[in-house]
Amino acid sequence: DSTELTAIGAALDELATIDPLLADIVDLKFFCGFTVAEIAAMKRVSERTIERGWQKARLFLHRTVRNDLLEE
């Protein structure tokens, strides 16, 4: 659905302005297919830091997209 894709894109843009690391985690994990371990090595942080970031990013995106779609 193009409406959902537009909402996801807008949510990712918003996330990038709020927390660039979280946006990077989404890009690397979801779009590029890297594992948590690979992302942690790239970013030079612990795997747990990436796991927490992934959870936070997913929650942010879910809430933002849901709210955007409900407003329409």
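Each remark here, short or long, concerns the structure printed above.
Reading guide: rules and limits
- Residues numbered from 1 in each chain as written.
- Predicted model: local features only at pLDDT ≥ 70, side-chain atom pairs only at ≥ 80, totals over all residues.
- Heavy atoms only, no water.
- Core = buried A, V, L, I, M, F, W, Y, C linked by side-chain atoms within 4.5 Å.
- Buried < 20%, exposed > 50% of the residue type's maximum accessible area, 1.4 Å probe, protein only.
- Helix = DSSP H or I, 4+ residues; strand = E, 2+ residues; numbered from the N terminus.
- Contact = heavy atoms within 4.5 Å.
- Expected span 1.5 Å × (residues − 1).
- Phe/Tyr/Trp six-rings, centres within 6.5 Å; stacked < 30°, edge-to-face > 60°.
- Lys NZ or Arg CZ within 6 Å of the ring centre and 35° of its normal.

Caption draft 1: Highlighting the nonpolar core. Counting 17 residues, the largest nonpolar core has Leu15, Ile25, Val26, Ile50 and Leu61 as its most contacted members. Going through the elements one at a time, α1 (2-18), α2 (20-31), α3 (36-43) and α4 (47-71) are the ones with two or more residues in this core. If we skip the residues at most four places from it in the chain, Ile50 touches Ile25, Val36, Ile39, Ala40 and Val45.

Caption draft 2: Seen up close, α2. With twelve residues, α2 extends 16 Å between its outermost C-alpha atoms, agreeing within 8% with the 16 Å of an ideal straight helix rising 1.5 Å per residue. Residues Leu22, Ala23, Ile25, Val26 and Leu28 constitute the buried set of α2. Buried residues belonging to α2 abut α1, α3 and α4.

Caption draft 3: The packing of aromatic side chains, seen in detail. Enumeration according to the criterion identifies one aromatic pair in this entry. Here the aromatic rings of Phe30 and Phe31 are separated by 5.0 Å at their centres, their planes lie at 90°, and the arrangement is edge-to-face. On the basis of relative accessible area, Phe30 is assigned to the exposed category, the value being 58%. For the cation-ring pair, Lys29 lies above Trp54, with the distance from its terminal atom to the ring centre recorded as 5.3 Å.

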